[in-house]
Amino acid sequence: MRHGKKINHLGRTASHRKAMLANMATSLIKHKRITTTLAKAKALRQYVEPLITKSKNDTTHSRRTVFSYLQDKEAVTILFREVSEKVASRPGGYTRIIKLENRLGDNAEMAFIELVDYNEVYKKDGVATERKSTRRRGGKKKSGADAAAATVVEEVAEEPKAETQEEPVAEEAAGEQEAADAEEAAPETEETPKEDKKED
């Protein structure tokens, strides 16, 4: 019976387990997502989430405490600079475990564990992130009040366009009339060539 056994020893000695979890936590912080067995992912979640909470308070003491667990300067720097800013407003639950298909060799349950704030596929707070829409004619349908306001604006905008389109037509017609009058008034200087008749 496993009464009161809260920690999964993962079939390893204490030193081996500590080193393995430190390496996995370092990989998770650097790459933001790793694939492992389900049991190791659950053990890693308990190991790394307190370290992420500690990174919210950027002091020398908290950096030294985290370094004593990870033993990797680069991972500590990334954790305190990048990850802590992303998770600043989150009150816990920094990681997500998603089950995968069983491993082919030994049929072990597989999963990947990732940092929640670095996943752009899933929706945030139940709302999908809005993408910038391309500007095209006949865009989205508007609500009643917005549609009424838009039609008034469009009518006002269309009236000056109609006047500006008529003015060039009138100017072109006047220019053509003046050119025709000038041609009629000008004397014919060019003589038409005479046709030579050949007598047979």
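Up top you'll find the structure we're talking about.
### Some points on the overall build of the protein
Part 1 of the reasoning: Each helix and strand in the protein was counted, giving five helices and three strands.
Part 2 of the reasoning: Counting from the amino terminus, helix and strand elements in the protein follow one another as α-β-α-α-α-β-β-α.
Part 3 of the reasoning: For the protein, with 200 residues in total, the buried portion stands at 24%.
Part 4 of the reasoning: Partitioning the intrachain contacts of the protein with sequence separation of at least 6 by distance along the chain shows that 56% fall at a separation of at least 24.
Part 5 of the reasoning: On the protein, roughly 16,500 Å² of surface is accessible, and the fraction owed to carbon and sulfur atoms is 49%.

### Considerations on the packing of aromatic side chains
Part 1 of the reasoning: Tallied over the entire structure, the rule returns one aromatic pair.
Part 2 of the reasoning: With 6.0 Å between their ring centres and 75 degrees between their planes, Tyr 47 and Tyr 69 make a pair best called edge-to-face. Here Tyr 69 lies in helix 3 (residues 60-70) and Tyr 47 lies in helix 2 (residues 38-55), a separation of 22 residues in the sequence.
Part 3 of the reasoning: Under the relative-accessibility criterion, Tyr 47 is labelled buried at 14%.

### Regarding the environment of Ile 113
Part 1 of the reasoning: For Ile 113, the position within the fold is in strand 3 (residues 110-115).
Part 2 of the reasoning: Between the alpha carbons of Ile 113 and Leu 38 there is a distance of 8.9 Å; along the sequence they are 75 residues apart.
Part 3 of the reasoning: Once residues lying within four places of it in the same chain are set aside, the contact partners of Ile 113 are Leu 28, Lys 32, Arg 33, Ile 34, Ala 41, Leu 44, Arg 45, Thr 95, Arg 96 and Ile 97.

### Things to note about the pattern of salt bridges
Part 1 of the reasoning: With the rule as written, the count across this model stands at seven salt bridges.
Part 2 of the reasoning: Its salt-bridge partner being Lys 30, residue Asp 72 comes within 3.3 Å of it at the nearest N-O pair. Residue Asp 72 is located in the loop between helix 3 and helix 4 (73-86), and its partner Lys 30 is located in helix 1 (residues 14-31); the two are separated by 42 residues in the primary sequence.
Part 3 of the reasoning: Residue class for Asp 72 comes out buried when judged on its relative accessible area of 19%.
Part 4 of the reasoning: You can call Lys 30 partly exposed: its relative accessible area is 29%.
Part 5 of the reasoning: Here Arg 90 and Asp 117 are joined by a salt bridge, their closest N and O atoms 3.1 Å apart. Residue Arg 90 is found in the loop between helix 4 and strand 2 (95-99), and its partner Asp 117 is found in the loop between strand 3 and helix 5 (144-185); the two are separated by 27 residues along the sequence.
Part 6 of the reasoning: What makes Asp 117 buried here is its relative accessible area of 13%.
Part 7 of the reasoning: Through salt bridges with shared partners, a single ionic network connects Lys 30, Asp 72 and Glu 74.

What counts, and where the lines are drawn
Residues numbered from 1 in each chain as written. Predicted model: local features only at pLDDT ≥ 70, side-chain atom pairs only at ≥ 80, totals over all residues. Heavy atoms only, no water. Helix = DSSP H or I, 4+ residues; strand = E, 2+ residues; numbered from the N terminus. Buried < 20%, exposed > 50% of the residue type's maximum accessible area, 1.4 Å probe, protein only. Contact = heavy atoms within 4.5 Å. Areas by Shrake-Rupley, 256 points an atom, 1.4 Å probe, with all protein chains shown as cover. Phe/Tyr/Trp six-rings, centres within 6.5 Å; stacked < 30°, edge-to-face > 60°. Salt bridge = Lys/Arg side-chain N within 4 Å of Asp/Glu carboxyl O.

The values reported here are purely geometric and, on their own, carry no functional implication.
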